[in-house]
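Spelled out from the first residue to the last, the chains are:
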Amino acid sequence: MLDDLVKDHLHRRLESTRQALVWKLDDLSEYDVRRPLTTTGTNLLGLVKHLATVEAWYFGEVFGRPFPQPLGRWQDADGSDLWANPAETRDQIIGFYHRAWEHAGTTINELPLDAPGHVPWWSRPDVTLFTVMVHVLQETARHAGHADILREQLDGRTGMMPEYEQPVDATAREAHWATVERAAQQAVGDSYRAELPGTGRQGGSAR
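Our subject in this report is the structure included herewith. (Residues numbered from 1 in each chain as written. Predicted model: local features only at pLDDT ≥ 70, side-chain atom pairs only at ≥ 80, totals over all residues. Heavy atoms only, no water.)

### Let's talk about the side chain of D81
Heads up, the rule is: Working definition: helices are DSSP H or I runs of at least four residues, strands are E runs of at least two. Numbering for both runs from the N terminus. Only protein chains enter the accessibility calculation, which uses a 1.4 Å probe. A residue is then buried if its area is under 20% of the maximum for its type, exposed if over 50%, and partly exposed in between. Two residue types count as positive, namely Lys and Arg, and two as negative, namely Asp and Glu; His and chain ends fall outside the count. When a carboxyl oxygen of Asp or Glu is within 4 Å of a side-chain nitrogen of Lys or Arg, the pair counts as a salt bridge. Within 3.5 Å is the distance limit for a polar contact, defined as a pair of N or O atoms, with the added protein rule that one can donate a hydrogen and the other accept it, and that residues adjacent in sequence qualify only through two side-chain atoms. Here a residue-residue contact requires only that any non-hydrogen atoms of the pair lie within 4.5 Å.
In this structure, D81 sits in the loop between α3 (44-58) and α4 (90-110). K49 is the oppositely charged side chain nearest to the buried, salt-bridge-free D81, at an N-O distance of 7.2 Å. A distance of 2.6 Å separates a polar atom in the side chain of D81 from a polar atom in the side chain of H50. Once residues lying within four places of it in the same chain are set aside, the contact partners of D81 are G46, K49, H50 and T53.

This is the structure we're talking about:
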């Protein structure tokens, strides 16, 4: 009974976090969902593609339940799951993610939490379904957080779900930003303060 409650809780948390991630692509252009938004190339559609691959591997091969779509060997992973090539459409990648959810759901529903699995790319490869569920939830939550920041950079939209989204109040955000900036400047003191507009003050380097 307890195992069923734990499994259901983890699964529901994973489902809600997946939905939050995919929502971050809504109403964006093809360019904006694909373009690199950090110096390491992180992009919104690539995060979806990556997590689809993660779920297909972890809830598939790891438990001897291969995902029906060809994935390539984990040994050959080259980072191409982190961005979309021009031939891949948004709908194809989101569809891949949805199919990965369905495949994962079957594995989660049919196996007990202590079902053994094998992750050959881990230093301790012998795992259980519980271990993998926690790992995939952690991975999904981490990348959903990345998506939060990327979307905020693009158009200021924030939040976990559309029904809780608040309208962007640019004036309030600017005032809050200024408050946080002043606090940061005050914390480091005059000696290390960055140059402020209109002051001509140049901060020194920290020692």
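### Things to note about the nonpolar core
Here is the rule we go by: Buried residues of nine kinds, namely Ala, Val, Leu, Ile, Met, Phe, Trp, Tyr and Cys, make up a nonpolar core once their side-chain atoms join them within 4.5 Å.
Within the largest apolar cluster, 24 residues are counted, with the highest numbers of intra-cluster contacts made by L21, L25, L44, L45, V48 and Y97. Counting residues per element, the ones that place at least two in this core are α1 (2-23), α3, α4 and α5 (129-155). Considering every element that reaches this core, the biggest residue donor is α3, with 7 residues. If near-sequence neighbours (up to four positions away) are discounted, L45 is found in contact with L25, V33, R34, A84, R90 and I93. One finds V62, V132, M133 and V136 within the second-largest nonpolar core, a separate group that totals 19 residues.

### With respect to α1
Put simply, the test is: Each helix should span, by expectation, one fewer than its residue count multiplied by 1.5 Å.
Over its 22 residues, α1 runs 32 Å from end to end, which matches the ideal 32 Å to within 8%, given 1.5 Å per residue. Every buried residue of α1 is listed here: K7, L10, H11, L14, T17, R18, A20, L21, V22 and W23. For α1, the elements touching its buried residues are α3, α4 and α5.

### Re the packing of aromatic side chains
For clarity, the cut-off: Only rings of Phe, Tyr and Trp enter the pairing, Trp through its six-membered ring, and a pair is recorded when the two centres are within 6.5 Å. The plane angle decides the type: under 30 degrees is stacked, over 60 is edge-to-face, the rest tilted.
Counted by the stated rule, this structure contains 5 aromatic pairs. An angle of 80 degrees between the planes, with centres 5.4 Å apart, marks the rings of Y58 and W121 as edge-to-face. Of this pair, Y58 sits in helix α3 while W121 sits in the loop between β1 (116-118) and β2 (126-128), and the two are 63 residues apart along the sequence. Of the residues examined, Y58 reaches a relative accessible area of 6% and is grouped as buried. Plain terms: the ring middles of Y97 and W101 are 5.0 Å apart, the flat faces sit at 70 degrees to each other, and that makes the pair edge-to-face. Taken together, the residues span about one helical turn, with Y97 and W101 both in helix α4 at a distance of 4 residues. You'll find Y97 and W101 in the same group, each marked buried.

### Structural notes on the side chain of R18
Residue position: R18 is located in helix α1. Residues in contact with R18, not counting those within four places in the same chain, are H11, E55, Y97, W101, A104 and T140.

### Notes on the packing of α1 against α4
Test applied: Working convention: axes come from line fits to C-alpha atoms, limited for helices to the stretch in contact. Angles between N-to-C directions cover 0 to 180 degrees. If an angle is under 35 degrees, it is roughly parallel; if it is over 145, roughly antiparallel; if it lies from 65 to 115, roughly perpendicular; otherwise it is oblique. All residues other than Ala, Val, Leu, Ile, Met, Phe, Trp, Tyr, Cys, Pro, Asp, Glu, Lys and Arg, Gly among them, are scored as polar; the first ten of these are nonpolar and the last four charged.
Running from N to C, α1 and α4 point in directions that differ by 180 degrees, and their axes come no closer than 12 Å. As judged from the angle between their axes, α1 and α4 are roughly antiparallel. Contacts between α1 and α4 involve K7, H11, R18, Q19, L21 and V22 from the former and I94, Y97, W101, A104, G105, I108 and N109 from the latter. Its residues assigned to classes, the contact of α1 with α4 shows 7 nonpolar, 4 polar and 2 charged.

### Re unusual backbone geometry
Even without glycine at this site, D27 takes up a positive phi of about 65 degrees. By secondary structure assignment, the location of D27 is in the loop between α1 and α2 (30-34).

### A word on the packing of α1 against α3
Packed helices, taken two at a time, are described by the angle their axes make and the gap between the axes. Under the convention used in this document: Each crossing is labelled by how the near helix is turned from the far one, with a counterclockwise turn of less than a right angle marking it left-handed and a clockwise turn marking it right-handed.
Across the interface, α1 lies against α3 with an axial gap of 11 Å and an inter-helix angle of 155 degrees. Relative to α3, the element α1 is oriented roughly antiparallel. The crossing of α1 and α3 is left-handed. Across the interface between the two elements, L14, R18 and L21 from α1 touch L47, V48, L51 and E55 from α3. Among the residues forming the contact of α1 with α3, the class breakdown is 5 nonpolar, no polar and 2 charged.

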